[in-house]
Amino acid sequence: MNDQEPRVRGRLLVVDDEPAIVDTVARFLRFVGYEVRTAATGREALALAREFLPDLVLLDIMLPDSDGFEVLSRLRADGLPVAVVFLTARDTRKDLVRGLTAGGDDYITKPFGLDEVAARVGAVLRRTRAHRPDDPSVQVADLSLNTLTHEVRRAGAVIDLSPTEFRLLRYLMLHQGKVITRARLLEHVWSYDFNGDDTVVATYISYLRRKVDSHGERLIHTHRGVGYSLRAAEC
């Protein structure tokens, strides 16, 4: 007897501001074996993508607070290894070409059949997974971060991070050696239209330092008046 849990085929994020479409598509994709989250705005989609780390995003182009092309651009800027399939009523050749040249992996126009959506999703995942590294971890010196398990280790010791601390550390590690401004960190770690005080960045950097740099050489560096970087000591 096999008492193992059914294998999830992948994590999907469905983004559309029409509740009926979101509900129908999400229900069907869950039925065929995917773990699915949903969003109705660009802001919500980006926040969920950073937390949920989906394998693929089904993305409407016309959203109430932005368009799908902008969301795709920000996903790519965040370094998220996610496939994107546009799901939209905009069916002109110009829109199709723009969506694919912007970095989209496929383009489905409304109205559509649910079987078609599932087949396209499966095909894109097979193609993108074939070119994706098997190791989901990011490594800088003796610091490692796993995007699938959300496990962080420094010199072999497990470091417990909050979701925001994890996203901040991940972004710094993905851009290791580069100086990242406070404004850019607010945009990509918190929310692209976050209007809060940028001292929140300094606060979370101090949290990370206490947890990460207490285990070894200093990796997180401040560049006064500019921002922060994560890098190992130069030889």
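That block above? That's the structure.
Each chain has its residues counted from 1, following the order in which its sequence is written. Owing to the predicted nature of the model, reporting of local features is limited to residues with pLDDT of at least 70; listing and counting of side-chain atom pairs is limited to 80 or more, with chain, interface and lining totals taken over all residues. Only heavy atoms go into the side-chain values, all of them from the structure, while hydrogens and water stay out.

Some points on the packing of aromatic side chains
For step 1, the next point in the chain: Aromatic contacts are taken between Phe, Tyr and Trp rings whose centres are within 6.5 Å, Trp giving its six-membered ring; a plane angle under 30 degrees counts as stacked, one over 60 as edge-to-face, and the others as tilted. A complete count under the given rule lists three aromatic pairs for this structure.
For step 2, the next point in the chain: For the ring pair Phe86 and Tyr107, a centre distance of 6.0 Å and an interplane angle of 55 degrees mean the geometry is tilted. You can see Phe86 sitting in strand S4 (residues 83–88) and its partner Tyr107 sitting in strand S5 (residues 106–109), a full 21 residues away along the chain.
For step 3, the next point in the chain: On the basis of relative accessibility, which here comes to 0%, the residue Phe86 falls in the buried class.
For step 4, the next point in the chain: What makes Tyr107 buried here is its relative accessible area of 7%.
For step 5, the next point in the chain: Following the ring pairs from residue to residue traces out a cluster consisting of Phe69, Phe86 and Tyr107. Note on conventions: DSSP H or I runs of at least 4 residues are helices, E runs of at least 2 residues are strands, and numbering of each starts at the N terminus. Summary of the burial criterion: residues with accessible area below 20% of their type's maximum are buried, those above 50% are exposed, and those between are partly exposed, where the area comes from a 1.4 Å probe applied to protein chains only.

Regarding unusual backbone geometry
For step 1, the next point in the chain: Omega for the peptide link from Lys110 to Pro111 comes to -5 degrees, which places this bond in the cis form.
For step 2, the next point in the chain: Inspection of the secondary structure puts Pro111 in the loop between S5 and helix H5 (114–130).
For step 3, the next point in the chain: Even without being glycine, Ala141 reaches a positive phi, approximately 55 degrees.
For step 4, the next point in the chain: The topology assignment puts Ala141 in the loop between strand S6 (137–140) and strand S7 (143–146).
For step 5, the next point in the chain: On the basis of relative accessibility, which here comes to 40%, the residue Ala141 falls in the partly exposed class.
For step 6, the next point in the chain: Of note, the phi angle at Ala155 is positive, near 55 degrees, even though the residue is not glycine.
For step 7, the next point in the chain: Within the element layout of this structure, Ala155 appears in the loop between strand S8 (152–154) and strand S9 (157–159).

Some remarks on helix H6 (residues 163–174)
For step 1, the next point in the chain: Over its 12 residues, H6 extends 16 Å from the first C-alpha to the last, a length consistent with the 16 Å expected when each residue adds 1.5 Å.
For step 2, the next point in the chain: With 10 of its 12 residues buried, H6 lies for the most part within the structure. In a helix, the anticipated span is given by 1.5 Å times the number of residues less one.

Here we look at the sheet that holds strand S11 (residues 220–223)
For step 1, the next point in the chain: Here we have three strands laid out as an open sheet, ordered S10-S12-S11, and antiparallel in their pairing. Across the chains shown, the open sheet's two edge strands, defined by having one partner strand only, are strand S10 (180–181) and S11.
For step 2, the next point in the chain: In what follows, residue pairs with any heavy atoms lying within 4.5 Å of each other are defined as contacts. For every element, the axis is a line fit to its C-alpha atoms; helices are fit only across the contacting stretch, and the angle between N-to-C directions ranges from 0 to 180 degrees. Across the sheet, helix H8 (residues 199–212) lies against S11 and strand S12 (227–230), angled at about 150 degrees from S11, the strand it touches most. Note on pairing: DSSP must find at least two bridges between two strands before they are called paired.

Quick notes on the pattern of salt bridges
For step 1, the next point in the chain: What makes a salt bridge here is a side-chain nitrogen of Lys or Arg within 4 Å of a carboxyl oxygen of Asp or Glu, nothing more. Applying the stated criterion across every chain yields a total of 12 salt bridges.
For step 2, the next point in the chain: A salt bridge links Arg154 to Asp142, with the shortest nitrogen-to-oxygen separation between them at 2.5 Å. Of this pair, Arg154 sits in strand S8 while Asp142 sits in the loop between S6 and S7, and the two are 12 residues apart along the sequence.
For step 3, the next point in the chain: With relative accessibility at 1%, the residue Arg154 sits in the buried group.
For step 4, the next point in the chain: The class for Asp142 is partly exposed, based on a relative accessible area of 32%.
For step 5, the next point in the chain: Between Glu165 and Lys211 there is a salt bridge, with its nearest N and O atoms 2.8 Å apart. Within this pair, whereas Glu165 is found in helix H6, its partner Lys211 is found in helix H8, the two being separated by 46 residues in sequence.
For step 6, the next point in the chain: What you see here is one network of salt bridges that share partners, running through Asp16, Glu18, Asp60 and Lys110.

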